Amino acid sequence: MEPSDPPFLTFYKKLFDNIPSTKGNDIEALHEANECDDQFEHELPLIDLSCLNQDGFRSEECKREIAEAAQQWGFFQVVNHGVSSEILENMRCEQVKAFKKPFQEKVNGIREFDFLAGNYRWGTPSATCLRQLAWSEAFHVPLTHISTMGGDTSFSTTMKQYTKIVSNLAEKLAEILAEKLGQKPGFFKENCVPSTCYIRMSRYPFCPISPQVFGLVPHTDSDFLTILHQDHVGGLELLRNGKWIAVNPKQGTLLVMIGDLFQAWSNDVYKSVEHRVVANKHFERHSVAYFLCPSYETVIESCGGSSTYRRFSFGEFREQVQDDVKRFGHKVGLPRFVL
Ligand SMILES: C=C1C[C@]23C[C@@]1(O)CC[C@H]2[C@@]12CC[C@H](O)[C@@](C)(C(=O)O1)[C@H]2[C@@H]3C(=O)O
Ligand SMILES: O=C(O)CCC(=O)C(=O)O
Ligand SMILES: [Fe+2]
């Protein structure tokens, strides 16, 4: 019997034949490949955004910290970000409820939310080996969909409240990062549109064969920046100086990740951060991500002159990512666009 929803074990059956035994050298080798440097708690950048409302000196200092973290880590945690713990908790509850809908309803589209089949993803349809499989399911919901969601249901109300605050926060952080590059304000307001920005709600079911599979395979995000909220379970890891570092959950904290578009636009000043989610043998996990994306026509080129990358439109970038995922089972990303 398939013990999991979604039915990973039956649908991806081929990938599970000949999996390394869970005894002896094979499993040791896998543990080594997965190794995460979490023997001691890493000092991940943590920024108090309330400083942005303080006097000029403190606010400038905070902006400097944001830019420094984006350069050195491509990642930072924020507190006092304006999303109340009540909204975070409501969002988590609504998300948990949505994933509890029957599998076939998720696949065909959830009527109640006006979700279509395309809103739901699970696993990695193009995977040809276990290491390419994502042991997770997700709803992708564009902002345009959220703003037109009808009814006064707790789902639509919560989604609207959450995205309103988080989208403003994303734009604000992006503008700070642009300012620190010496750019005039307005680029993100002009180019980032509700039809391409989206929320991705993810559920990582507990996984009986956890060391062999990822909850989400290593990747960088294909946007300007991502704002992520994770629950208390943990499993998110960042790649830094060749080592995977666990991002231990801290209640009320939001995580900010620099995506590929900011890396290209800043000509490598800011770095998109490679991250992954490791599967958990015992507990399911939920997270919600907001992706700040421009319109498909927006041309991405270095904002400060000379560039490592050729100019490309966001539409072209998305297509290339999707083609590569189909052909190779994984994303290639920015290296495709190096001059
Ligand atoms: C199989 C894949 C789909 C994905 C790229 C990847 O190789 C791994 C992660 C996926 C992800 C997650 C975040 C974003 O939604 C996304 C666009 C990205 O950059 O990485 C997707 C990719 C996708 O759906 O095409
Ligand atoms: O669930 C997480 O912690 C990460 C999600 C993620 O990386 C993504 O949706 O792109
Ligand atoms: Fe991601």
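Refer to the structure printed above.
Residues numbered from 1 in each chain as written. Chains lettered and ligands numbered in written order. Predicted model: local features only at pLDDT ≥ 70, side-chain atom pairs only at ≥ 80, totals over all residues. Heavy atoms only, no water.

1. Notes on the pattern of salt bridges
Pairing is possible between side chains that carry opposite charge, provided their charged atoms lie close to one another. Convention followed: For this analysis, a salt bridge means a side-chain nitrogen from Lys or Arg found within 4 Å of a carboxyl oxygen belonging to Asp or Glu. Helix and strand definitions follow DSSP, with helices as H or I runs of at least four residues and strands as E runs of at least two, each counted in order from the N terminus. Using a 1.4 Å probe on the protein chains alone, a residue whose accessible area is under 20% of its type maximum counts as buried, one over 50% counts as exposed, and one in between counts as partly exposed.
Across all of its chains, the model carries 18 salt bridges by this definition. The residue Arg-92 makes a salt bridge to Glu-89 at a minimum N-O spacing of 3.5 Å. Placement of the pair is Arg-92 and Glu-89 together in helix H5 (residues 85-99), with a separation of three residues, close to one helical turn. Given a relative accessible area of 38%, Glu-89 falls into the partly exposed group. For the salt bridge of Glu-137 with Arg-203, the shortest nitrogen-to-oxygen distance reads 2.5 Å. One end of the pair, Glu-137, is in strand E4 (residues 137-142); the other, Arg-203, is in strand E5 (residues 198-204), and 66 residues separate them in sequence. For the residue pair Glu-137 and Arg-203, the accessibility class agrees, reading buried in each case.

2. Section: the site of ligand 2
Rules: To be near a molecule or strand, a residue needs just one of its heavy atoms within 4 Å of it. Side-chain atoms alone can form a polar contact between residues adjacent in sequence; in general such a contact is a pair of N or O atoms within 3.5 Å, and within protein one must be able to donate a hydrogen while the other accepts it. The method behind every accessible area is Shrake-Rupley, applied with a 1.4 Å probe, and residues are considered shielded solely by the protein chains displayed.
Near ligand 2 you find Arg-200, Tyr-204, Leu-216, His-219, Asp-221, Leu-228, Leu-236, His-275, Val-277, Arg-285, Ser-287 and Phe-291, and these make up its full shell. At 3.2 Å from an oxygen atom of ligand 2 is found a side-chain nitrogen or oxygen belonging to His-219. Relative to its unbound accessible surface of 290 Å², ligand 2 loses 98% to contact with the protein. Taken together, the elements giving at least two residues each to the shell around ligand 2 come down to E5, strand E6 (214-219), strand E11 (275-278) and strand E12 (285-292). For the shell around ligand 2, the leading source of residues is E12, giving three residues.

3. A look at the packing of aromatic side chains
Short version of the rule: Pairs were defined over the aromatic rings of Phe, Tyr and Trp, the Trp ring being its six-membered one, requiring ring centres within 6.5 Å. Orientation was assigned from the angle between planes: stacked under 30 degrees, edge-to-face over 60, tilted for the rest. Whether a charge lies above a ring is judged from NZ of Lys or CZ of Arg, which has to be within 6 Å of the ring centre and within 35 degrees of the ring normal.
In total, this model carries 28 aromatic pairs according to the counting rule given. Ring geometry for Phe-113 versus Phe-115: centroids 5.3 Å apart, planes at 65°, classification edge-to-face. On the basis of relative accessible area, Phe-113 is assigned to the buried category, the value being 6%. Just above the ring of Trp-244 sits the side chain of Arg-276; from NZ or CZ to the centre is 4.1 Å.

4. Side note on the site of ligand 1
Applied cut-off: Three categories are distinguished: nonpolar for Ala, Val, Leu, Ile, Met, Phe, Trp, Tyr, Cys and Pro, charged for Asp, Glu, Lys and Arg, and polar for the others, with Gly belonging to the last.
As a matter of local geometry, ligand 1 sits amid 16 residues, with Tyr-198, Thr-220, Ser-222, Arg-318 and Lys-331 nearest to it. In this structure, an oxygen atom belonging to ligand 1 sits 3.5 Å away from a main-chain N or O atom of Thr-220. The separation between an oxygen atom of ligand 1 and a polar side-chain atom of Ser-222 is 2.8 Å. Within the complex, 91% of the 470 Å² of free accessible area of ligand 1 lies under protein. Sorting elements by how many residues they give to the shell around ligand 1 places helix H11 (residues 314-328) first, with three residues. Of the residues that constitute the shell around ligand 1, the class distribution is five nonpolar, six polar and five charged.

5. Some remarks on the environment of Pro-335
Mapped onto the elements of the fold, Pro-335 is located in the segment after H11. The spacing of Pro-335 and Ser-272 is 63 residues in sequence and 12 Å in space, taken between C-alpha atoms.

6. Observations concerning the nonpolar core
Nonpolar side chains in soluble globular proteins generally cluster together in the buried interior. Note the following rule: Take the buried Ala, Val, Leu, Ile, Met, Phe, Trp, Tyr and Cys residues and link them wherever side-chain atoms come within 4.5 Å; each set so joined is a nonpolar core. Contacts between residues were defined by any pair of non-hydrogen atoms, one from each residue, lying within 4.5 Å.
In terms of nonpolar packing, the biggest core is built from 98 residues, with Tyr-162, Phe-188, Met-201, Phe-224, Leu-225, Phe-262 and Leu-292 touching the most fellow members. Each residue touching Leu-225, except ones within four places of it in the same chain, is listed here: Ala-170, Leu-173, Ala-174, Leu-177, Val-256, Met-257, Ile-258, Gly-259, Phe-262, Tyr-290, Phe-291 and Leu-292.

7. Quick look at the packing of helix H4 (residues 56-72) against helix H8 (residues 154-179)
For clarity, the cut-off: A fitted line through C-alpha atoms serves as each axis, taken over the contacting stretch for helices, and the angle formed by two N-to-C directions is quoted from 0 to 180°. Reported orientations rely on four angle classes, namely roughly parallel under 35 degrees, roughly antiparallel over 145, roughly perpendicular from 65 to 115, and oblique for the rest.
The geometry of H4 relative to H8 is characterised by a closest axis approach of 9 Å and an angle of 85° between their N-to-C directions. Taken together, the axis directions place H4 and H8 in an arrangement best described as roughly perpendicular. Taking contact as the criterion, the partners of Glu-60, Lys-63, Ile-66, Ala-67 and Ala-70 in H4 are, on H8, Leu-173, Ile-176, Leu-177 and Glu-179. By residue class, the composition of the contact of H4 with H8 is six nonpolar, no polar and three charged.

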